[in-house]
Amino acid sequence: MKKYSKLHLWMIGIMLLVQATIFNYYWPSFSSKTWEFHFHYWLVTAWFVFLIIQPYLAVNGKIEKHKTWGIIGFLIAGGAIFTGFSLLDYPLRLIENLTPDRPGPPVGFYYGTLVVEFVLMAAFTYAIIKGIIHRKNLKEHSWWLIASAFYMMMPAVGRGMIVFWRATLPPEKLNPLLITLSAELIYIPLFLLFAHKFGKLKHQATLIGFLLVLVRALRFPIGSLEGVQEFLKAFIQY
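I will try to describe carefully the structure that is included in this document.

Between its first and last C-alpha atoms helix α1 (residues 7-26) spans 28 Å; for 20 residues at 1.5 Å apiece the expected length is 28 Å, and the two agree. At alanine 20, α1 is bent by approximately 25 degrees, the largest bend along its length. Taken residue by residue, α1 has Leu7, His8, Met11, Ile14, Met15, Val18, Thr21, Ile22, Tyr25 and Tyr26 as its buried positions. Lining the buried residues of α1 we find α2 (35-59), α4 (90-96), α6 (138-168) and α7 (176-197).

This is the structure in structure tokens:
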């Protein structure tokens, strides 16, 4: 239990990072965001708050409160999953507004983003289910839920990097690869640090977390496949 005594402080750091990266993407255009985006933002934020409260309650012996909040927390996670999947058509909406003379990422980047975010949501869902299954095993339960935070953080970090590089570079020099690399340079060392701290470098949840890096790295090649594009347009109606 001693290893987890300051876990809530570590999770505060993760939440602050996510809020800092998504801030300029969300708040300046608050009024133009759809209801799905608002619900998703606040449910994910609530999930990160939950991941701060729960370890604090557990290490301070407030087990009954921990169990009660656990039920509420998994309802929050379910809402985050539902709204996350409901936003999968968002990249397709962006494609509709693209013009041939507009600088920025190619069409394949947006289709690839749709695939990546589907996989991330699927991984998050799996982590929540595993967290529930292992709720009586502290080490397993806690690491699956910690990993869920990392699976969910990358859309926020990625969007934050888009806003950052758009403000830093002229449009014609904005390379999607730069956005991807800068986001992964935040994610990979931080995830490694957590995995090492809690002795989970070879855990299934950790391996999934690094497989997600590979999926994100293949975003553009996957999204550029004509068959993938046609399937996504047919499968996701908007």
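Right, picking up where we left off after that structure.
It is worth spelling out a nonpolar patch on the surface at this point. Residues Phe23, Trp27, Phe30 and Trp42 make up a contiguous nonpolar surface patch of roughly 410 Å² in combined accessible area. For phenylalanine 30, the location among the structural elements is in the loop between α1 and α2.

A separate point is the packing of aromatic side chains. Summed over all chains, the structure comprises 31 aromatic pairs. Where tryptophan 27 meets tryptophan 42, the ring centres are 5.9 Å apart and the plane angle is 80 degrees; that geometry is what we call edge-to-face. On the criterion of sequence distance, the pair formed by tryptophan 27 in the loop between α1 and α2 and tryptophan 42 in helix α2 is long-range, its members being 15 residues apart. By relative accessible area, which is 33% here, tryptophan 27 ends up partly exposed. Judged by its relative accessible area of 44%, tryptophan 42 is partly exposed. Between phenylalanine 194 and phenylalanine 198 the ring centres are 6.2 Å apart and the planes differ by 45 degrees, which places this aromatic pair in the tilted class. Like phenylalanine 198, phenylalanine 194 is buried. Put simply, the rings of Phe23, Tyr25, Tyr26, Trp27, Phe30, Phe37, Tyr41, Trp42 and Tyr90 pair up and form one aromatic cluster. Above the face of the tyrosine 25 ring, lysine 33 is positioned so that its terminal group lies 4.7 Å from the ring centre. Directly above the ring of tyrosine 187 sits arginine 216, whose terminal nitrogen or CZ lies 4.5 Å from the centroid.

Criteria and cut-off values
- Starting afresh in each chain, residues are numbered from 1 along the sequence in its written order.
- The predicted nature of this model means local features are confined to residues of pLDDT at least 70 and side-chain atom pairs, given and counted, to a pLDDT of 80 or more, with totals for whole chains, interfaces and linings taken over all residues.
- To get the side-chain values, take all heavy atoms of the structure and skip hydrogens and water.
- Only DSSP runs of H or I reaching four residues or more are called helices, and only runs of E reaching two or more are called strands; each is numbered from the N terminus.
- Here the expected length of a helix is defined as 1.5 Å per residue gap, with one fewer gap than residues.
- A residue's bend is the angle separating two fitted axes: one through the seven residues that end there, the other through the seven that start there.
- Each residue's exposure class comes from its accessible area (1.4 Å probe, protein chains only) as a fraction of the maximum for that residue type: buried when under 20%, exposed when over 50%, partly exposed otherwise.
- Residue contacts are defined here by distance: any two heavy atoms, one from each residue, within 4.5 Å place the two residues in contact.
- Patch members must show over 30% relative accessible area and no salt bridge, and they are joined within 9 Å when carrying like charges or within 5 Å when they are nonpolar side chains of Val, Leu, Ile, Met, Phe, Trp or Tyr.
- Residue-level accessible areas treat just the shown protein chains as cover; the underlying method is Shrake-Rupley with a 1.4 Å probe.
- Within this document, salt bridges are pairs made up of a side-chain nitrogen of Lys or Arg and a carboxyl oxygen of Asp or Glu, the two lying within 4 Å of each other.
- A pair of aromatic rings is counted whenever rings of Phe, Tyr or Trp (Trp by its six-membered ring) have centres within 6.5 Å, and the orientation is called stacked for planes under 30 degrees apart, edge-to-face for over 60 and tilted otherwise.
- We count a charge as sitting over a ring when the NZ of a lysine or the CZ of an arginine lies within 6 Å of the ring centre and within 35 degrees of the ring normal.

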